[in-house]
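Architecture and fold: a report
Here are the chains, one letter per residue:
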Amino acid sequence: MISVVIPVYNVEKYLNECVDSVLKQSYTDYEIILVDDGSTDRSGLICDEYINISDKIRVIHQPNGGLSAARNTGLREAKGEYVYFLDSDDYIEPHTLEHLTALSDKENADAVFFNGYVFFDECEEDDNVSRYIRKEQYRPQTGRKMLLRLLRNEEYRTAVPLMLFRTSYLLENNLWFEEGIIHEDELFTFLVYNADGRVAHCHEQLYARRIRPASIMTSSGAMRRYDSMLRIYYVLSQMYRNGKAEGEAAAMYLVRTAKSVIGKYNLLSETDRESLEGQHRAFKKDVMSHKGFGDMKLKIKCSGKLRNLFYRAQNKLMCMMNK
């Protein structure tokens, strides 16, 4: 059985399409766990209405704790051999669960990732929005090898709804969502690969992600984005220091995460940057304690001395070329 966990928060306009996409699945051995995370619109009432529509549906109402808290609640309640986390404003194709379980059973996989597509709802199309299509078909392999391959090909995607998990794999490796942050998928998905179970890839586009003006990822404040990514960095940095995340894939991912922290810091207002200057300086010091995880560009970004040397060398080269 598959436990489909759907965290719900103020999505009355989209919830029916999401839940109905699961009820229409060709695969029938599933349960749906609707976790109403303190909705203030009609979402909670819609959840309760589904109890009378299908005996496969359970509803949990809880005070608002955020997406991670709602997913963790669903994972604790899951009874299925597999667990799948579906965002409540998106939907899946009718044969999604059938194809994913068949592949997982065939390959004895602990996790299966798959492809998807995005569509824009009441907002203009944005070419900068991440697409969930991978050009390559990846053969089943261990998580760390898969992570390295994806990172090298620039096809790594963090979105949790594009993965099916064996429930026992998550529980045995103590894999839970970090609560109190956004960008939680950036941490959780890495932890799934780093636990080094067997991972398979379904090349089909089975997931439809809705881009809307009020979604979490398009409306969160710059300060919260920075705080969350910094917190994720420190979790990964500590794992790297303790040898719990090691090898080229972990180093590459930490470089990516550190650069994301810097990028989000640069997007803050001048006042916010000044207030966080000491905190950001400590972050760069931590990066340099790891020698920039072997990335020279990151070292230059985090070291005043290296940055000055780089600019001096660059200016000297420019002068020589002008002569």
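The coordinates are above.
What comes next is a walk through the structure. (Residues numbered from 1 in each chain as written. Predicted model: local features only at pLDDT ≥ 70, side-chain atom pairs only at ≥ 80, totals over all residues. Heavy atoms only, no water.)

Some words on the overall build of the chain
A count of helices and strands for the chain gives 14 helices and nine strands. When each of the 323 residues of the chain is scored for burial, the buried share is 51%. Counted over contacts in the chain with a minimum sequence separation of 6, partners at least 24 positions apart contribute 78%. Carbon together with sulfur atoms contributes 49% to the accessible area of the chain, which is approximately 15,700 Å² in total. (Helix = DSSP H or I, 4+ residues; strand = E, 2+ residues; numbered from the N terminus. Buried < 20%, exposed > 50% of the residue type's maximum accessible area, 1.4 Å probe, protein only. Contact = heavy atoms within 4.5 Å. Areas by Shrake-Rupley, 256 points an atom, 1.4 Å probe, with all protein chains shown as cover.)

Focus: the nonpolar core
Counting 58 residues, the largest nonpolar core has F85, F165, L170, F190, V192 and Y193 as its most contacted members. Apart from residues no more than four positions distant in its own chain, F85 is found in contact with V5, R71, L75, V160, P161, F165, L170 and F177. Core analysis: the second largest hydrophobic core is formed by 39 residues, L86, L97, A159 and C202 among them. (Core = buried A, V, L, I, M, F, W, Y, C linked by side-chain atoms within 4.5 Å.)

Side note on empty space enclosed by the protein
Counted under the stated rule, the structure contains one cavity of 30 Å³ or more. Quantified by volume, the largest cavity comes out at close to 40 Å³. Contributing to the lining of the largest cavity are F113, R134, R157, A159, L162, M163 and Y193. Split into classes, the residues belonging to the lining of the largest cavity amount to five nonpolar, no polar and two charged. (1 Å grid on protein atoms, 1.4 Å probe; cavity = no way out; pocket = protein on both sides within 12 Å on 5 of 7 lines; lining within 4 Å. Points joined across faces, edges and corners; volume = space filled by probe spheres on them. Nonpolar A, V, L, I, M, F, W, Y, C, P; charged D, E, K, R; others polar.)

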